[in-house]
Structure formats: C-alpha cells, structure tokens
Amino acid sequence: PARTSVPELAGKEAVFAVSCLKVQRRVLPPTTDDFADKVKSGMLWTELDAKLREGVQAEADSLQRRATHREIERALIAKLPDDFEVPETLLEQVGKERFAAMLADMRERGAGDEQLKELISKENYDRYLAISRPSTVLQVKGDFALKEVGRQQGLAVSRDEVDDEVMSMQAQALQRGEKFKESEVRPKVEANIERAMVLDWLMEQSEVTLVEPGSKEVDPSEVLGASPEELAKSVLASEGKTQVKTPAAAPAPAPEPAAAAEPAAAPAAEPAAAAE
C-alpha cells in the first residue's frame with residue numbers, strides 16, 4: 001500500500017508462487033427437525049433457528065457496543081488539553097504489560113517456546129516500545145480520563161461483580177492447567193469492569209450515529225497514535241541511539257521496522273460508530 005512503514009516497498013509489484021493442495025466445497029445440511037434433533041435431542045428446527053438468531057444478534061450487539069466504546073474514548077481523549085502529559089514511568093509500565101500480553105496472545109495462538117525466546121530480547125523489546133509508544137500514550141490518557149469521569153459521577157464497581165468474574169477466570173485457568181494469581185488478576189478485572197461501566201454511562205449521555213461498516217475510512221494514526229511513517233522514523237531513531245551507545249560492537253544493518261508487531265486495526269466486520 002501507499003502508506004507503509006517500509007516506503008521502499010510501496011507500489012512495488014510482487015509475484016507469489018502457490019500450490020493448491022485441495023479444493024473443498026461446503027455442503028450445508030437441510031434445515032429440518034431431523035437436523036435439529038441431531039443438535040439436541042427433541043429440539044425442533046424452529047427452536048434451533050430461534051436460538052441461532054438470538055446468538056447472532058447478541059454477537060452483533062457486542063460488536064456494536066465495542067465499536068461505540070472505541071469512538072467514545074477517542075472523542076474523550078480529543079477533549080483533553082494539548083499540554084496533558086503522561087508520566088514516563090507509567091508509559092514504561094503499561095508498555096511492559098502490553099509486551100507481555102502480546103507474548104501471551106502469541107502463545108495462545110500456538111507460538112512455540114523457541115519462537116517466543118527469539119522475540120524476548122532487549123533489541124526487540126525496545127523496538128516494540130518505540131512502535132507502541134503513541135498508542136500507549138493514547139491508552140494511558142484514555143484510562144486517566146475515564147477514571148476521572150467515573151470519580152465525578154460516583155460510578156463504582158460492586159465487589160460481587162468482581163468476585164464473579166474472578167471466579168469464572170480462575171475456573172477457566174484451572175481447566176487449561178494454567179497458574180492463577182488472584183492478587184494480580186483482581187485489580188485488572190476491576191479496572192476493566194469499571195472502564196466498561198464508565199463507557200456505558202458515556203454512551204447513554206452521548207449522541208451516537210451508527211454508520212455502515214466500511215463507510216468510514218480508518219486512519220491508521222487513530223489506531224496507532226501516529227502514522228506508519230512516523231513510527232518507522234521513531235524506530236530507526238531509537239535503534240540509531242542504541243548503536244551509538246555500544247560502539248564496541250560492529251553495528252548490524254538496521255532491520256526493517258516491523259509495524260505489525262503492534263496490533264493495528266479492529267476487524268472490518270465490526271460496525272463503526274461516531275460519537276459526539
């Protein structure tokens with residue numbers, strides 16, 4: 001694409017060689033009571049159809065709520081004064097947490113230990129911090145703003161709600177055979193529930209206009225906090241500083257900045273929302 005973190009590749013033609021190993025065609029079963037009975041004994045097709053529609057609608061409502069929350073948070077951050085400064089120590093802390101979360105997500109998606117070990121280096125960590133810094137700044141600003149709105153409006157999370165969520169997560173961790181530290185999980189659970197509560201409150205107070213998916217052009221800088229070109233420059237600058245600090249070692253050629261290390265945009269299928 002024209003906007004890329006590797007400008008020398010923009011607009012270049014590429015040829016890919018592929019081998020087709022298999023061609024399959026999906027054949028849907030007939031929508032009859034016999035099919036519904038196979039799903040659950042004694043169930044009719046009308047009942048199964050209603051359940052499926054209910055599930056699809058619930059998923060659509062959840063996607064719309066998440067999209068609306070994102071737009072409201074962006075609108076809220078835009079209202080903050082230009083001189084709003086984020087403490088550097090907090091940026092480092094949040095950046096570290098996001099790096100750990102990225103590795104955990106990669107492991108969950110099937111990445112092996114050797115692959116993860118290759119990523120866990122000071123060079124890769126510093127590169128990740130440089131790439132994710134603009135979006136981390138936006139996240140911290142959003143957290144500050146939402147917490148202040150919650151304080152002013154007296155919005156508080158009930159202990160029972162936090163307990164229920166923690167118990168559910170603990171049960172899931174035990175089923176997967178994973179360790180579970182409640183002292184680490186509970187504060188994050190409470191913060192996430194409080195965040196959603198404040199955003200729901202703001203959604204009720206805001207004028208929200210729903211638009212068709214894809215009708216609003218996504219600006220990468222709104223998601224990443226900076227344009228891909230700016231991110232590439234910051235990465236190259238940080239790597240240049242690192243090489244200056246270690247003159248004893250022969251500097252290796254600067255690797256191409258991997259902007260994809262930081263999650264970019266949400267799936268296009270999610271409905272967009274504009275908040276005022």
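See the structure shown above.
## Structural notes on the overall build of the protein chain
Along the protein chain, the regular secondary structure elements total nine helices and two strands. Counted from the first residue to the last, the protein chain has its helices and strands arranged as α-α-α-α-α-α-α-β-α-α-β. For the protein chain, buried positions account for 25% of its 276 residues. For the protein chain, the accessible area works out to roughly 20000 Å², and carbon and sulfur atoms hold 54% of it.

## Remarks on the packing of aromatic side chains
According to the stated counting rule, one finds four aromatic pairs in the structure shown. Three or more aromatic residues joined by ring pairs make a cluster, and in this case those are Phe99, Tyr125 and Tyr128.

## Examining a negative patch on the surface
A contiguous patch of negative charge on the surface is contributed by Asp33, Asp34, Asp37 and Glu47. Structurally, glutamate 47 is set in helix α2 (residues 45-78).

## Structural notes on α2
Here α2 spans 50 Å end to end across 34 residues, near enough to the 50 Å set by a 1.5 Å rise per residue. Those residues of α2 that fall on the buried side of the exposure criterion are Leu48, Leu63, Ala67, Thr68, His69, Glu71, Ile72, Glu73, Leu76 and Ile77.

## Observations concerning the packing of helix α6 (residues 159-176) against helix α7 (residues 182-205)
With their axes 10 Å apart at the nearest point, α6 and α7 run at an angle of 125° to one another. Classified by the angle their axes make, α6 and α7 are oblique. The two elements α6 and α7 cross, and the hand of that crossing is right-handed. From α6, Glu161, Val162, Asp163, Glu165, Val166 and Met169 reach across to α7, where they touch Glu182, Val185, Arg186, Val189, Glu190 and Ile193. Residue composition of the contact of α6 with α7, by class: six nonpolar, no polar and six charged.

## Notes on the environment of glycine 142
The topology assignment puts glycine 142 in helix α5 (residues 122-153). As a C-alpha pair, glycine 142 and alanine 75 span 67 residues in sequence and 9.8 Å in three-dimensional space.

How each quantity is defined
- Residues numbered from 1 in each chain as written.
- Predicted model: local features only at pLDDT ≥ 70, side-chain atom pairs only at ≥ 80, totals over all residues.
- Heavy atoms only, no water.
- Helix = DSSP H or I, 4+ residues; strand = E, 2+ residues; numbered from the N terminus.
- Buried < 20%, exposed > 50% of the residue type's maximum accessible area, 1.4 Å probe, protein only.
- Areas by Shrake-Rupley, 256 points an atom, 1.4 Å probe, with all protein chains shown as cover.
- Phe/Tyr/Trp six-rings, centres within 6.5 Å; stacked < 30°, edge-to-face > 60°.
- Patch = residues over 30% accessible without salt bridge, like charges linked within 9 Å, V, L, I, M, F, W, Y side chains within 5 Å.
- Salt bridge = Lys/Arg side-chain N within 4 Å of Asp/Glu carboxyl O.
- Lys, Arg positive; Asp, Glu negative; His and termini not counted.
- Charge placed at Lys NZ, Arg CZ, Asp CG, Glu CD.
- Expected span 1.5 Å × (residues − 1).
- Axes fitted to C-alpha atoms, helices over the stretch in contact; angles between N-to-C directions.
- Parallel < 35°, antiparallel > 145°, perpendicular 65-115°, else oblique.
- Left-handed = near helix turned anticlockwise from the far one by under 90°.
- Contact = heavy atoms within 4.5 Å.
- Nonpolar A, V, L, I, M, F, W, Y, C, P; charged D, E, K, R; others polar.

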